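# Inside the fold
What follows is each chain in one-letter form.
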Amino acid sequence: MVLTLVQSAPSPSAAPLLDVRALSLGFGTSKTRLLDGVRYSVEAGETLCIVGESGCGKSVSSLAIMGLLPQGAAHIHEADIRFRGERYDLNDMAALRRHRGADIAMIFQEPMTSLNPAFKVGDQIAEAVTAHNDVSEAQARDRAVEMLRRVRIPAPEARMNEYPHQLSGGMRQRVMIAMALANDPALLIADEPTTALDVTIQSQILDLIRDLQAETGMGTIMITHDLGVVAEIADNVAVMYAGTIVEAGPADAIFNDPQHPYTIGLMSSMPRLTGPRERLTTVPGTVPTVETMPAGCRFSTRCPFAQPVCAETPPQREFGRGHRALCHFAPLDDRLERSA
Ligand SMILES: Nc1ncnc2c1ncn2[C@@H]1O[C@H](COP(=O)(O)OP(=O)(O)OP(=O)(O)O)[C@@H](O)[C@H]1O
Ligand SMILES: [Mg+2]
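Described below are features of the structure shown in this document. (Residues numbered from 1 in each chain as written. Chains lettered and ligands numbered in written order. Predicted model: local features only at pLDDT ≥ 70, side-chain atom pairs only at ≥ 80, totals over all residues. Heavy atoms only, no water.)

### Observations concerning the sheet that holds strand β10 (residues 244-250)
Pairing is mixed in the open sheet, where 8 strands are placed in the order β6-β7-β8-β3-β9-β10-β12-β11. Edge positions in the sheet fall to β6 (104-107) and β11 (316-318), since each of these pairs with one other strand and no more. Along the sheet, successive strands turn relative to each other by an average axial angle of 15°, direction set aside. In this sheet, β10 lies alongside strand β9 (residues 236-241) in antiparallel orientation, the contact comprising 6 bridges. (Pairing = 2+ DSSP bridges. Helix = DSSP H or I, 4+ residues; strand = E, 2+ residues; numbered from the N terminus. Axes fitted to C-alpha atoms, helices over the stretch in contact; angles between N-to-C directions.)

What follows is the structure in structure tokens.
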């Protein structure tokens, strides 16, 4: 029986954990898609970093996947998404609720958005456990203590009885991670989880996430605008610009062989830790809004290489190993050759 299943069905373990094949959506009555054809995937045990400037749609895309966008405000144009090889329906709110917190968990920049100031942290973690499992109150509390220990909170039994405001920012972030991981999710989406913390605490939290990932084999999507964080933890990177993934691929390809002009701009704005101090260059201009979105390539208004053809939708160019860029002129070497 088991053999038949294994032979006949496409093996779910061969499929990516989360496979976003196309996600397009807008808000209100605007015809312009805020997210347009967003595509990325993450495997079990792997970290995908989604990187891009403020306002480019990083949070909106993950909130959409969690089913947490304000109901009625967002209009989903297309959502071809698989979770463990199975169709993942953004319109099926009941299914999204079942997934949320159990298979897929999310942590946010500011822990107070997830923690309720009026309840003891132990009770909040225990409640996350009972929401998805048929366990006694005592079992849920035991699990909460275990989770606090796993996120390296000293004296977890005593901390159980504290309120969020009694904890430091770093401790609160640990509690939020404990709550997110209480049900052993297969996928963790972390939206700028360390931005609000000072640098030392920031690297402790990143180390913690990495250790927990090694222990549990969960896949992680880390949203950040910090390329230092990306360099430290990413297996794969998706570069987002104005609601599109302009480039994606293995981290080494993105850092050492970027192909999209936006990625190249981002890389040159990365402060160097070694060597002579260079002036921090940034990509001039700002991310367009839905009102100012150019036709064709969304980066064309800021791109130093833009040509008339960029007013047309750019093609997806592939360079092997999953490295791809959304640009008429990628790979850039080609373009340089052509214009030489
Ligand atoms: N509920 C909403 N209704 C209308 N527009 C929205 C809504 N939520 C977000 N937006 C718009 O979507 C765009 C993308 O926002 P998003 O929060 O995803 O950006 P981000 O990439 O996460 O930026 P940051 O790095 O600042 O967190 C912004 O222009 C924002 O104003
Ligand atoms: Mg955001």
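From this point, the narrative continues.
### Details of the environment of A14
Relative to the helices and strands, A14 resides in the loop between α1 (2-8) and β1 (18-27). Expressed as a C-alpha distance, the spacing of A14 and R84, which sit 70 residues apart in the sequence, is 8.6 Å.

### Thoughts on the environment of E46
Checked against the element boundaries, E46 lands in the loop between β2 (35-42) and β3 (47-51). Its relative accessible area of 14% is what places E46 among the buried residues. Expressed as a C-alpha distance, the spacing of E46 and M218, which sit 172 residues apart in the sequence, is 7.4 Å. Discounting residues that sit within four places of it in the chain, E46 has contacts with S41, Q213, M218, G219, T220, D235 and N236. (Buried < 20%, exposed > 50% of the residue type's maximum accessible area, 1.4 Å probe, protein only. Contact = heavy atoms within 4.5 Å.)

### Focus: the pattern of salt bridges
On inspection of all chains with the given rule, the structure shows 19 salt bridges. Residue R143 pairs with E146 through a salt bridge whose shortest N-O separation is 3.1 Å. Of this pair, R143 and E146 both sit in helix α5 (residues 137-150), 3 residues apart, roughly one helical turn. On the basis of relative accessible area, E146 is assigned to the partly exposed category, the value being 33%. (Salt bridge = Lys/Arg side-chain N within 4 Å of Asp/Glu carboxyl O.)

### Here's the deal with the packing of aromatic side chains
The final tally for this structure, using the stated rule, is 4 aromatic pairs. Residues Y241 and F299 carry aromatic rings whose centres are separated by 5.0 Å and whose planes lie at 80° to one another, so their mutual orientation is edge-to-face. Placement of Y241 in strand β9 and of F299 in the loop between α11 (261-268) and β11 is noted, with a sequence separation of 58 residues between them. Comparing Y241 with F299, the two get one shared label, buried. Every member of this aromatic cluster is reached through a ring pair, and the members are Y241, Y262 and F299. (Phe/Tyr/Trp six-rings, centres within 6.5 Å; stacked < 30°, edge-to-face > 60°.)

### Section: the sheet that holds strand β4 (residues 74-83)
Pairing in this open sheet of 4 strands is antiparallel, and the strands run β2-β1-β4-β5 from one edge to the other. Strand pairing shows two members of the sheet lacking a second neighbour, β2 and β5 (86-87), which therefore form its edges. Strand direction decides the pairing type here: β4 and β5, joined by 2 bridges, are antiparallel. Counterpart to R82 in the pairing with β5 is R87. Of the strands in this sheet, β1, β2 and β4 are in contact with helix α2 (residues 58-66), which crosses β1 at around 110°.

### Looking at the nonpolar core
By size, the foremost hydrophobic cluster in this structure holds 65 residues, and its most contacted members are I125 and I177. If one sorts the elements of this core by residue count, helix α7 (residues 169-181) sits on top with 8 residues. Here I177 is in contact with I107, V151, I205, L208, I209 and L212, once residues within four sequence places are set aside. Of all hydrophobic cores here, the second largest spans 33 residues; its members include V42, L48, A186 and I221. (Core = buried A, V, L, I, M, F, W, Y, C linked by side-chain atoms within 4.5 Å.)

### Details of the environment of R33
Take R33: it is sitting in the loop between β1 and β2. R33 has contacts with S24, L25, H77, E78 and R298, leaving out every residue within four places of it along the chain.

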